[in-house]
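Residue-level structure breakdown
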Amino acid sequence: MTDTITGPTTAGVLLTDVAAAKVKSLIESEGRDDLVLRIAVQPGGCSGLRYQLELDDRSFDGDVVTEFGGVKVAVDKMSAPYLNGAQIDFADTISAQGFTIDNPNAGSSCACGDSFH
Amino acid sequence: MRVLVLATSVAELGPRAAGAEVAGAWAALGHQVAVVPLGTGGPGLAAAVEGVPEVVVVAPGVGASSEPAGLAVLEAFDTGAATVLLDLTGECPDDAGEGLLRVLEGREVSLVGVVRPEELDAPLLGVRGVAARRAYGSGTPDIAAALAGDAALTARAAALGVPEPPPGAGAGNGMALAVVVRAGTIRTGPQAIAELVGLEGSLAAADLVVVVTDALDFGGAGVAETQAASSWAAENLVPCLAIADRVHISSRELRTFGVESAYAAEGDLAGCAARVARTWNW
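The written sequence of each chain sets the order in which its residues are numbered from 1. Numbering of ligands from 1 and lettering of chains from A proceed in the order in which they are written. Residues qualify for local features only when their pLDDT is at least 70, as the model is predicted, and side-chain atom pairs are given and counted only at 80 or more; totals for whole chains, interfaces and linings, by contrast, use all residues.

A few points about the overall build of chain B
For the record, the criterion: Each helix is a run of H or I in the DSSP string that is no shorter than four residues. Each strand is a run of E no shorter than two, and both are numbered from the N terminus. For this measure, only C-alpha atoms enter the radius of gyration; the expected value for a globule follows 2.2 Å times N^0.38, where N is the number of residues. Whether a residue is buried, exposed or partly exposed is read from the other C-beta atoms within 10 Å of its own C-beta, which are placed from the backbone; 20 or more gives buried, 12 or fewer gives exposed, and intermediate counts give partly exposed. Once C-beta atoms have been placed from the backbone, residue pairs whose C-beta atoms lie within 7 Å are recorded as contacts.
Check the secondary structure of chain B and you find twelve helices and nine strands. On C-alpha atoms alone, chain B measures out to a radius of gyration of 20 Å, which is about the 19 Å that the 2.2 N^0.38 rule sets for 282 residues. Within the span of chain B, comprising 282 residues, buried residues form 51% of the whole. Put simply, 71% of the contacts in chain B that link residues at least 6 apart link residues at least 24 apart.

If you want it as structure tokens, here you go:
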């Protein structure tokens, strides 16, 4: 299956159609319409940095917000430089399940895929 | 033959005494020896610089404000210190040196911020910065706290005339920023001691470097001092040996540190050094 990316391709985070649909269903299951998918980078993990994904109803000064298929994705200004061009997908196969992040800024990742450098 | 012994405390022996015991083995064979104490921080750093003229170590300690540390620095200079080593390797206050800078305002001081080796390039700001480490280190990630703390530190650094804090300014919970503002230097313990005692000349003249530590293990004990010693030895193209009371690292890993061989003294430092010296001499 080939995913198409509907969103800006020059900067910021990219959300595949599959991932956007999954996020949309998660937001709908919460019964709210004010949630965004927030992606952040934080220190931690065996490679030094790790991702944090959550549904968030807050907005912060400097947030970079992009909409994909009706889903808003927010990246805070500290994390934005580390996520420029990162593609978020959702997999549900025998070999991979859940959200995946393909980040061109990551020099290396740990074996568990939880953190990067 | 000229042997340079770089020593930390070993069991009950302070760094000078431990170094002297090891150096004595080569001296007994008629070789020239020099002993330089080493320490990375805490009591080990204080013991290493004990007796070095006009050098005082001040450890800020934990607390909301660094003002007490500033007062201690001031007292050190008022009582004759020429250089203060601000030991930032342990717990440090949360105010990024604000209290210390307030106390030292208008005074000429020579500050060296001593940091843990892994913090030598620690950034003050951003995802790897002080506020992010604090906010995310508690186990309950708080992005709002990270962003607010980072914004406050950014504004503070700019107000202090350091809009782009250099690597290392984030060491010691951000206390190193105060050192940067006061045009001080940020060093590891071994680096600071090397500069204070002019170690460069001794290294250039040495035929063999021997590092002496209490333990050598992956828990970190003795590793920083050993790595510093071996890197200096490598720069000067001389072999580096380690003598530790306990050695828990295999020869293969020791080679990655640049150490030719490590010997476990196991309570008999002088005896071990004598056996090593009989082999390693020319």
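There is more to say, and it comes next.
Quick look at the packing of helix H5 (residues 130–137) of chain B against helix H6 (residues 143–159) of chain B
Pairs of packed helices are described in terms of their axes, by the angle between the two and the distance that separates them. All names here are of chain B. Convention followed: To obtain each axis, a line is fitted to C-alpha atoms, and for helices this fit is confined to the stretch in contact; angles are then taken between N-to-C directions over 0 to 180 degrees. Should an angle lie under 35 degrees it is considered roughly parallel, over 145 roughly antiparallel, and from 65 to 115 roughly perpendicular; all remaining angles are considered oblique. By definition, turning the near helix anticlockwise from the far helix through less than a right angle yields a left-handed crossing, and turning it clockwise yields a right-handed one. Note that Gly is not counted as nonpolar here; it falls among the polar residues with everything else outside the nonpolar set of Ala, Val, Leu, Ile, Met, Phe, Trp, Tyr, Cys and Pro and the charged set of Asp, Glu, Lys and Arg.
Relative to each other, H5 and H6 sit at 155°, their axes nearing to 8 Å. Relative to H6, H5 is oriented roughly antiparallel. In this structure, the crossing between H5 and H6 has a hand that is right-handed. Residue-level contacts link Val-130, Ala-131, Ala-132, Arg-134, Ala-135 and Tyr-136 of H5 to Ala-145, Ala-146, Gly-149, Asp-150 and Leu-153 of H6. Looking at the contact of H5 with H6 residue by residue, the classes come out as eight nonpolar, one polar and two charged.

As for the packing of helix H1 (residues 15–27) of chain B against helix H12 (residues 269–279) of chain B
Residues and elements named next belong to chain B. Close contact between H1 and H12 brings their axes to 8 Å; oriented N to C, the two are set at 35°. Here the hand of the crossing between H1 and H12 comes out right-handed. Contacts between H1 and H12 involve Ala-18, Glu-21, Val-22, Gly-24, Ala-25 and Trp-26 from the first element and Leu-269, Ala-270, Ala-273, Ala-274, Val-276 and Ala-277 from the second. A per-class count over the contact of H1 with H12 returns ten nonpolar, one polar and one charged.

Thoughts on the environment of Arg-102 of chain B
All names here are of chain B. Within the fold, Arg-102 resides in helix H4 (residues 98–104). Arg-102 gets classed as partly exposed once you count the C-beta atoms within 10 Å, which come to 14. Spatially, the C-alpha atom of Arg-102 lies 7.9 Å from that of Gly-70, the residues being 32 residues apart in sequence. Setting aside residues up to four positions removed in sequence, Arg-102 forms contacts with Glu-67 and Gly-70.

Observations concerning H5 of chain B
Within H5 of chain B, six of the eight residues are buried, which leaves the element mostly enclosed by the surrounding structure. Here H5 of chain B has its buried residues at Val-130, Ala-131, Ala-132, Arg-133, Ala-135 and Tyr-136 of chain B. Lining the buried residues of H5 of chain B we find strand E2 (36–43) of chain A together with H6 of chain B. Two residues or fewer past H5 of chain B, Gly-139 of chain B is found with a positive phi of approximately 95°.

Some points on the pairing of strand E5 (residues 111–115) of chain B
Residue and element names in this part refer to chain B. Rules: A right-handed crossover is one whose linking path, passing over the helix from the first strand to the second, runs clockwise when the strands point away from the viewer. Strand pairing follows a simple DSSP-based rule, namely that at least 2 bridges must link the two strands.
Burial analysis of E5 places five of its five residues in the buried class, which makes it a mostly covered element. Of the two faces of E5, the one lined by Leu-111, Gly-113 and Val-115 and the one lined by Val-112 and Val-114 are each fully buried. The parallel pair strand E4 (residues 83–87) and E5, bridged by H4, forms a crossover whose chirality is right-handed. Bridging between E5 and strand E6 (residues 185–188) involves four bridges; their strand directions are parallel. The partner of Val-112 across the bridge, within E6, is Thr-185.

What about the sheet that holds strand E6 (residues 87–92) of chain A?
All names here are of chain A. Taken together, the three strands give an open sheet; going across it, the order is E1-E6-E7, and neighbouring strands pair in mixed fashion. The open sheet terminates on both sides in strands that have one partner only, identified here as strand E1 (14–15) and strand E7 (97–102). Bridge count for E6 against E7 is six bridges, and the pairing is antiparallel. Paired with Asp-89 across the bridge in E7 is Thr-100. Along the sheet, helix H1 (residues 17–30) contacts E1, E6 and E7; its crossing angle with E6, the most-contacted strand, is approximately 75°.

Focus: the nonpolar core
Residue and element names in this part refer to chain B. How we decide: Note on terminology: a nonpolar core is any set of buried Ala, Val, Leu, Ile, Met, Phe, Trp, Tyr and Cys residues joined through C-beta atoms within 7 Å. The split of the chain into domains comes from an automatic or database domain assignment.
Core analysis: the biggest nonpolar cluster contains 120 residues, and Val-5, Val-22, Val-209 and Ile-243 have the highest contact counts within it. Both of domain 1 (2–37 + 207–279) and domain 2 (43–191) provide at least three residues apiece to this core. Not counting residues within four places of it along the chain, the set of residues in contact with Ile-243 comprises Val-22, Val-210, Val-212, Tyr-263, Ala-265, Cys-272, Ala-273 and Val-276.

Digging into the interface of chain A and chain B
Taken together, the contact pairs 13 residues of chain A with twelve residues of chain B. Those elements that place two or more of their residues in the side of chain A that touches chain B are E2 and strand E3 (49–56) of chain A. Top contributing element to the side of chain A that touches chain B by residue count: E2 of chain A, with four residues. Each residue belonging to the side of chain A that touches chain B can be placed in one class, and the counts come to seven nonpolar, four polar and two charged.

Re the domain arrangement of chain B
All names here are of chain B. Domain annotation for chain B reports domain 1 (2–37 + 207–279) and domain 2 (43–191). In terms of residue count, the dominant contributor to the side of domain 1 that touches domain 2 is helix H10 (residues 223–235) (three residues). Across the side of domain 1 that touches domain 2, the residue classes break down as four nonpolar, three polar and one charged.

Comments concerning the pairing of strand E7 (residues 208–216) of chain B
Residue and element names in this part refer to chain B. A large share of E7 lies buried, amounting to eight of its nine residues. Of the strand pairs in this sheet, strand E1 (residues 2–7) and E7 are connected by five bridges, and their pairing is parallel. Within the sheet, the bridge partner assigned to Ala-7 lies in E7 and is Val-212. Pairing between E7 and strand E8 (residues 240–247): seven bridges, direction parallel.

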